[in-house]
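Below, each chain spelled out in residue letters.
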Amino acid sequence: MKNAKLLLLMCGLLFVSASWAQTVVTGTVTDDQNIPLPGSSVVEKGTTNGVTTDFDGNFSIEVADDATLIISYLGYAPQEVTINGQSSISVQLLPDATQLEDVVVVGYGTQKRSDITGAISSVKSEDFNQGVVTNPGELLQGKMAGVNITSNSGEPGASQNVIIRGIGSLRSGTQPLYVVDGFLLDNSSSGFATNPLNFLNPNDIASIDVLKDASATAVYGSRASNGVVVITTKRGKAGKTEMNLSLSTAASSMSNTIDVFSADEFRTQVAATGGALEDFGGNTDWQDELSQTGISKNLNFSMSGANSEKFSYFASVGYQDQEGILKNSDLERYSGKLNMTQKAFNGRVSIDYNLTATHTENLRPSINSTISDMLGLNPTVPTYTNGEPTLLNTNALNPITRYNIYSDEAVNNRILASISPSIEIVKGLTYKLNFGVDYSATNRDRQYKPYTSVVNESDISNGEVIATINENSNQLTENTLTYNWSQDVHNLTVLAGHSYQKFMDETRQFSYRGFADNNIEPIYQDQSSSDEYPTSVSSSAVKNELQSYFGRVNYSYNDKYLLTATFRADGSSKFGDNRKYGYFPSFALGWNISNENFMQDSFFDNLKLRASWGQTGNQEIPSKITQASYSEDRLISGGQSLNTYPIDTDATSIDGYPYGIVFTRLANPDLQWEVSTQLGVGLDFAMFDYRLSGTLDYFSKTSSNILLEVVPADPVEPTATYWDNIDDMKILNNGIELALDYNSDASRDFSYNIGGNITYIQNEVKDSPYSVLTTGAAQGSGQTGATINGYINGESIGSFYMFEFEGIGADGLNLFKDTTGDGAILDDDRTVVGSAIPNFIYAYYLNFKYKNFDFGLNFNGVSGNKVYNHTKMSLFTKAQLSRSVNTTDFAVQFPNESTSNSNTVSTRYLEDGSFMRLNNATLAYNLKPEQLGLDDAFQNIRFSITGQNLFTITDYSGFDPEVNTGSTSGGIQTFGVDYFTYPKARTFMVGLNLTF
């Protein structure tokens, strides 16, 4: 019996050992010209067992006898090789005809690039901008033709303007629609003063696709008139399990300072103006005193992988702390990410889970006051006296004191979670549910600690707190059916879907004043409302709903002729009962010319012609504006009122005048969607074995049914303004985009990649019934409301409209050009003198690789635009200098100028905004773990040094020509006005990335 058991055991062991028999396979991987491909991936299919080829393209791997190897290399089509007992193999990889096989994320799905009929630009994670990056927009700057990305300022996490193919709206928003892993975000403010996209950790992003024309965007209908930015986060990959740890630290400083007078120069210049010099005996550089070297830290850890073909995961945690270059300026973020995919029933059922959670803390200084002090404060004032910040006059704070008593801190918690189950009902027909929630809560406290040395401003002398609470929720439910059918040369994909999205935004604000000066921050003190310091409370709640029905048909014949047709119907609660729904069609054709027989001997590897037409909508307008609104009104003591009448005609007191109900907003059930109609023609090409590739596009975009808050022509109206669609008015954008990329032979020790893009855009406001719609207005004493730029009929968007400065007259006052020739300088002498929007947007890059080293440079720039230097107009005047306020030599360029001369809005303060910037430079070294005997622990070790904003070539005299204050005038967004803008930083970062 014992012998029988022993025999069975031995047979079992032999069976198991036979089942797990291993073979060592060696081989070589080359390209189509038999040149070795070092760094190729060789993976045993269905396992995590894999190696990479050495510098000669050789590899050795131990696998099962019946294994299948997957061999791949970037830019080449992967191959599968079945071993069948072989011990040596040679594999030749062919160029990946395509980039064409690259998968591009489009609305509600993906497509091969060869099948795309619309204008879509894509950037993968390996091509993102490097360095200290807080939000996705910074990853893309300069990377795509037709996409102009500008930061509002140099503040950590600053908001950005992302303009895709020109500005096409007045009041209803210029930002694109953002889609994160299939979830459509809301562009409403989350209560954060900085970018609402800061909740995304850039290290978690795998790719960003920008949909630019109507063919690509129309499936998103109502919110796609400004383009769509599709962000896809990382997921686990089959056959590849890894962990990644990245660490970096960076130092930032002001990239440029403004040459204001030194203390000695200041003393001389004030005396020369005949002003009264206030000399405190010091010698202070306030730009240096109020700025700092900002230290940033970044730590990210991720895990990803897949358990066979059924389950994959990606999980990460991240921490970022970015100090600004102004004191009391900091952005700190904790993030977590979990993406999972589970499949069952041979892949017919699939469930995707996506979860993003962040906690962000944002500390901000009083930016306008700080910039004003940096440039204008008397340089003879010593920073400290007897160890304390020097006391200024009773109505001004030493900015060092402001840093100590003022704070503006916002804390945001945000969760974006979605689940997307799908099931293949029958072959080719798949149903998918996409359900998700985006919830954001922000507490923001702005406070002044009591400072009794300032007696003329009660918010400072008595202390103040303004507490704001924001809660935003965004719920999305989408149902789609997708049918894929292929037969011979025919390929058809049909998509049909329904979407429902509900938004709820709540805001509560409390304002308190009058606190004890006891070294306890006001936010932690009790405060009782009093007649002297009453508590102010305000709140609002907005609920919006959006329901949509959409469909799309993609058809291709023989991979040569392509057709895309899309239709979407959107209903929004923002519009009136008569016009709730908007209807948005699009059509596109594509011709893969390179697949034609007559192109077989052509030098083109790829040549495709695209053409599209379509319409998209815009509903980014305030809520409730189509609904009537009322308020109470009553005669005010000491005032007048025409809204109420006395019940008793002999009334002699206010009691005889009851409260009356008056309109504050009129109902407008006919208010309808703003519509963007786009026409585009594009050419995609590649040649020299795909070494040189590019795209050339022409586009024309016309916005109509313009939404605007207008003043009634009839003075007898119950409200001062109302919302309407402006008949016949249009905003036109026409342009050409060109993008080129060249790759050398990547298998050599030295290789390179160069390329770039350029966009030319013309804009025009057409058939406007208004002489000028102000977009930029002056601020400050005696200037508030004066037009700087606006929308003017027949002119470019953001045109500067002002007097032309011709110098200083004999009387010491401004001379302006008499454009009408009537001998008087009046408002009608103002003319269009340029635009805030550039005609040319360009970028180019150079990437070099030598063995384990790589070095990359990224440049970007604009041309053809102007910037209005409002900071110069406010501060750098002879009148200011005569009052012992510091300036630059701009204030004394005219010796005969009178100190009583006004700083009128004019071309005196208008400057060329063109620039070219070395935006990013990175030097890195990939250390092979086997060189240190660590190949059992690490897959790769990478060291890098990155510089950001290393230099800028420009004639602009301010801190930086790339400005956009982010402000509005009458609800219309401002462009190209530099008003006390937070300076840009120059940053150097050292990073370490470990893959194991």
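Residues numbered from 1 in each chain as written. Predicted model: local features only at pLDDT ≥ 70, side-chain atom pairs only at ≥ 80, totals over all residues. Heavy atoms only, no water.

Looking at a negative patch on the surface
A grouping of Asp727, Asp728, Glu764, Asp767 and Glu795 is seen on the molecular surface, where their side chains present a negatively charged patch. Structurally, Glu764 can be placed in strand β39 (residues 750–766). You can call Glu764 partly exposed: its relative accessible area is 30%. (Patch = residues over 30% accessible without salt bridge, like charges linked within 9 Å, V, L, I, M, F, W, Y side chains within 5 Å. Areas by Shrake-Rupley, 256 points an atom, 1.4 Å probe, with all protein chains shown as cover. Salt bridge = Lys/Arg side-chain N within 4 Å of Asp/Glu carboxyl O. Lys, Arg positive; Asp, Glu negative; His and termini not counted. Charge placed at Lys NZ, Arg CZ, Asp CG, Glu CD. Helix = DSSP H or I, 4+ residues; strand = E, 2+ residues; numbered from the N terminus. Buried < 20%, exposed > 50% of the residue type's maximum accessible area, 1.4 Å probe, protein only.)

What to know about the environment of Val349
One can find Val349 in strand β21 (residues 349–364). Taking the relative accessible area as the measure of exposure, Val349 reaches 21% and is therefore partly exposed. Remark: the alpha-carbon pair of Val349 and Tyr431, spanning 82 residues in sequence, is separated by 9.8 Å.

Examining empty space enclosed by the protein
One pass over the structure, following the stated rule, counts 14 cavities of 30 Å³ or more. The calculated volume of the largest cavity comes to roughly 490 Å³. Lining the largest cavity are 30 residues, with Val132, Glu138, Gln948, Lys984 and Ala985 positioned closest to its centre. Looking at the lining of the largest cavity, the elements that each hand over two or more residues are β19 (311–323), β50 (915–927), β51 (940–954) and β55 (985–995). If one sorts the elements of the lining of the largest cavity by residue count, β50 sits on top with 3 residues. Looking at side-chain class alone, the lining of the largest cavity contains 6 nonpolar, 18 polar and 6 charged residues. Space inside the second largest cavity adds up to approximately 260 Å³. (1 Å grid on protein atoms, 1.4 Å probe; cavity = no way out; pocket = protein on both sides within 12 Å on 5 of 7 lines; lining within 4 Å. Points joined across faces, edges and corners; volume = space filled by probe spheres on them. Nonpolar A, V, L, I, M, F, W, Y, C, P; charged D, E, K, R; others polar.)

Looking at the sheet that holds strand β7 (residues 88–92)
In spatial order, the strands read β4-β1-β7; together these 3 strands make up an open sheet with mixed pairing. Among the strands making up the open sheet, the edge pair consists of β4 (58–64) and β7. This sheet shows a mean twist of 30 degrees between the axes of neighbouring strands, independent of strand direction. As paired strands, strand β1 (residues 22–30) and β4 are joined by 7 bridges and run antiparallel to one another. Looking at the pairing, Val24 lines up with Glu62 of β4. (Pairing = 2+ DSSP bridges. Axes fitted to C-alpha atoms, helices over the stretch in contact; angles between N-to-C directions.)

Some thoughts on the pattern of salt bridges
Per the stated rule, a full pass over the model turns up 28 salt bridges. Between Asp697 and Arg165 there is a salt bridge whose closest N-O contact spans 3.8 Å. Note that Asp697 is positioned in strand β35 (residues 692–704) and Arg165 in the loop between β12 (160–164) and β13 (177–180), a separation of 532 residues in sequence. A relative accessible area of 3% places Arg165 in the buried class.

Looking at the packing of aromatic side chains
Taken as a whole and assessed by the stated rule, the structure comprises 27 aromatic pairs. Between Tyr406 and Tyr448, the ring centres sit 4.9 Å apart and the planes meet at 50 degrees, which makes this aromatic pair tilted. Taken together, the positions of Tyr406 in strand β24 (residues 406–426) and Tyr448 in strand β25 (residues 429–448) put the pair 42 residues apart, joining distant regions of the chain. For the pair Tyr406 and Tyr448, a shared accessibility class is recorded, and that class is buried. Here the aromatic rings of Phe805 and Phe816 are separated by 6.4 Å at their centres, their planes lie at 65 degrees, and the arrangement is edge-to-face. Of this pair, Phe805 sits in strand β43 (residues 805–808) while Phe816 sits in strand β44 (residues 814–816), placing them 11 residues apart in sequence. Exposure remark for Phe805: the relative accessible area of 17% places this residue in the buried category. (Phe/Tyr/Trp six-rings, centres within 6.5 Å; stacked < 30°, edge-to-face > 60°.)

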